[in-house]
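Each chain, letter by letter, is given below.
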Amino acid sequence: MNVFTWDEILTVLNTGKSLPFFDGGCGISIGSFDGCHKGHRKLLSLLIEKCNEKKSKDKNFKSGVISFSRPLPSIKHSDDYSGDITTLNQRLETFEKLGLDFAIIVDFDDEFASMMGTDFLNLLRNICNMEVLAEGIDFRCGFKGATDSQAIKYWAQKNSVECIFVDSVYYQDSFGNEERISSSYIRKMIQKGFFKVASEMLSSPYEYDIQTAREKNKSTQILPPDGIYHPLSENNEDTRIEIKERKIINLPLCNRLKFL
């Protein structure tokens, strides 16, 4: 899987040079994809399916995502943000496992936030040869999220872009109650120590990236309440850890911790 920065995309705009990687066209989905839960997987599976249909006509057609170096809620709602579900490295690993061809990573800043939605979409159409756009039903883009699904559909029709909006996916608990699967709800479950619910929504156990925390000497990932836990290492070995004030005391020597 190829990984590009948003600056590389803008360089094409500023210099007039092309990115041969996108010559055959592409399909894109845009989002934080924190945790890459069942809703995300449904969306990305549909994107890949549509792009594979295009590949039957042009083998160079690509499927990919535009994501962010940190999930957007960490920037937009920093005062009450509890932490990331996944690190950037974990998200990139998941994108590749799902079969995506590329990821474009954006450092969300004031310049990016001030861009009009149609200008953003025009960049993707002109620079990345975007022919398919797949999003969740509540997706919005552009300055203050002003470009909603109706505006995006109108733009897509005018620009010959196939536009797909995917309905939300719901989780049903043992009492029959339904909850829309979202990264924010999964964060709440992890914060309360409800790992089984989080795992069911994520389609895999919640994993804490020890390696990234060690390399950066800090972590942005969410942790459960203070206490003693026995998660599994990447080798499925029982690992005793202590969490105090939302930090792991003395990081273990393994690279990942799986909370079951």
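Residues numbered from 1 in each chain as written. Predicted model: local features only at pLDDT ≥ 70, side-chain atom pairs only at ≥ 80, totals over all residues. Heavy atoms only, no water.

J.: Can you help me understand the overall build of the chain in this one?
T.: Each helix and strand counted, the chain has 10 helices and 14 strands in total. By its C-alpha atoms, the chain is 55 × 45 × 40 Å across when sized along the principal axes. In the chain, which comprises 260 residues, the share counted as buried stands at 47%. The long-range share in the chain, meaning contacts at least 24 apart out of those at least 6 apart in sequence, stands at 70%. For the chain, the accessible area works out to roughly 13700 Å², and carbon and sulfur atoms hold 45% of it. (Helix = DSSP H or I, 4+ residues; strand = E, 2+ residues; numbered from the N terminus. Buried < 20%, exposed > 50% of the residue type's maximum accessible area, 1.4 Å probe, protein only. Contact = heavy atoms within 4.5 Å. Areas by Shrake-Rupley, 256 points an atom, 1.4 Å probe, with all protein chains shown as cover.)

J.: Would you mind going over the packing of aromatic side chains with me for this structure?
T.: Note on aromatic pairs: each is described by the distance of the centres and the angle between the planes. Overall, the coordinates contain 16 aromatic pairs when judged by the stated rule. Between Trp6 and Phe112 the ring centres are 5.5 Å apart and the planes differ by 90°, which places this aromatic pair in the edge-to-face class. Linking Trp6 in helix 1 (residues 6-15) with Phe112 in helix 5 (residues 110-113), this pair joins segments that are 106 residues apart in sequence. There is no split in this pair, since Trp6 and Phe112 are both buried. (Phe/Tyr/Trp six-rings, centres within 6.5 Å; stacked < 30°, edge-to-face > 60°.)

J.: Would you mind showing me how to read the nonpolar core here?
T.: A general tendency of soluble globular proteins is for nonpolar side chains to be buried together. Counting residues in hydrophobic clusters, the biggest one holds 34 residues, and the most contacted among them are Trp6, Phe22, Ile28, Ile66, Ile104 and Phe120. Here the element with the most residues in this core is helix 6 (residues 117-127); it accounts for 5 residues. With residues near it in sequence (within four places) discarded, Ile66 still touches Trp6, Ile28, Ser29, Ile30, Gly31, Phe33, Ile104, Val106, Phe120 and Leu124. (Core = buried A, V, L, I, M, F, W, Y, C linked by side-chain atoms within 4.5 Å.)

J.: Help me out: how do you make sense of a negative patch on the surface in this one?
T.: Together, Asp7, Glu8, Asp107, Asp109, Asp110 and Glu111 line one region of the surface with negative charge. Put simply, the parts of the chain that give the negative patch at least two residues each are helix 1 and helix 5. Look at Asp7 and you get exposed, because its relative accessible area is 55%. (Patch = residues over 30% accessible without salt bridge, like charges linked within 9 Å, V, L, I, M, F, W, Y side chains within 5 Å. Salt bridge = Lys/Arg side-chain N within 4 Å of Asp/Glu carboxyl O. Lys, Arg positive; Asp, Glu negative; His and termini not counted. Charge placed at Lys NZ, Arg CZ, Asp CG, Glu CD.)

J.: I tried to follow the environment of Phe95 on my own but got confused; where do I start?
T.: When you line up the elements, Phe95 lands in helix 4 (residues 88-98). Sequence-wise, Phe95 and Val161 are 66 residues apart; in three dimensions their C-alpha atoms are separated by 23 Å. If sequence neighbours within four positions are ignored, Phe95 has contacts with Met1, Phe33, Leu44, Val65, Ser67, Leu100 and Ala103.

J.: Help me out: how do you make sense of the pattern of salt bridges in this one?
T.: Pairs can form between side chains of opposite charge once their charged atoms are near each other. For the structure shown, the criterion picks out 9 salt bridges. Between Asp101 and Lys55 there is a salt bridge whose closest N-O contact spans 3.1 Å. Separated by 46 residues along the polypeptide, Asp101 in the loop between helix 4 and strand 4 (102-106) and Lys55 in helix 2 (residues 38-55) bring together distant segments of the chain. When its relative accessible area of 19% is taken as the criterion, Asp101 is described as buried. A residue is classified by how much of its surface remains accessible, and Lys55, at 23% relative accessible area, is partly exposed. The closest approach of N and O atoms between Arg256 and Asp209, which form a salt bridge, is 3.6 Å. In this pair, Arg256 sits in strand 14 (residues 256-259) while Asp209 sits in strand 9 (residues 206-209), placing the two residues 47 residues apart along the sequence.

J.: Please clarify how the sheet that holds strand 12 (residues 241-244) should be interpreted in this entry.
T.: The 3 strands lie next to each other as 10-12-13, forming an open sheet whose pairing is antiparallel. Single-partner strands in this sheet number two, and they are strand 10 (227-229) and strand 13 (247-249). When strand polarity is set aside, the average angle formed by the axes of neighbouring strands in this sheet is 35°. Where strand 10 and strand 12 come together, 3 bridges link them in antiparallel fashion. Pairing of Gly227 across the sheet is with Ile243, part of strand 12. (Pairing = 2+ DSSP bridges. Axes fitted to C-alpha atoms, helices over the stretch in contact; angles between N-to-C directions.)

J.: I would appreciate a short explanation of helix 8 (residues 183-192) in the present structure.
T.: Two residues of an α-helix separated by three or four positions point the same way, owing to the 3.6 residues in each turn. Among all positions of helix 8, only Ser183, Ile186, Arg187, Met189 and Ile190 are buried. End-on view of helix 8: buried residues confined to an arc of 165°, all on one side of the axis. At its buried positions, helix 8 is contacted by helix 2, helix 3 (73-76), helix 9 (195-202) and strand 9. Two residues or fewer past helix 8, Gly193 is found with a positive phi of approximately 85°. (Arc of directions from axis to C-beta.)

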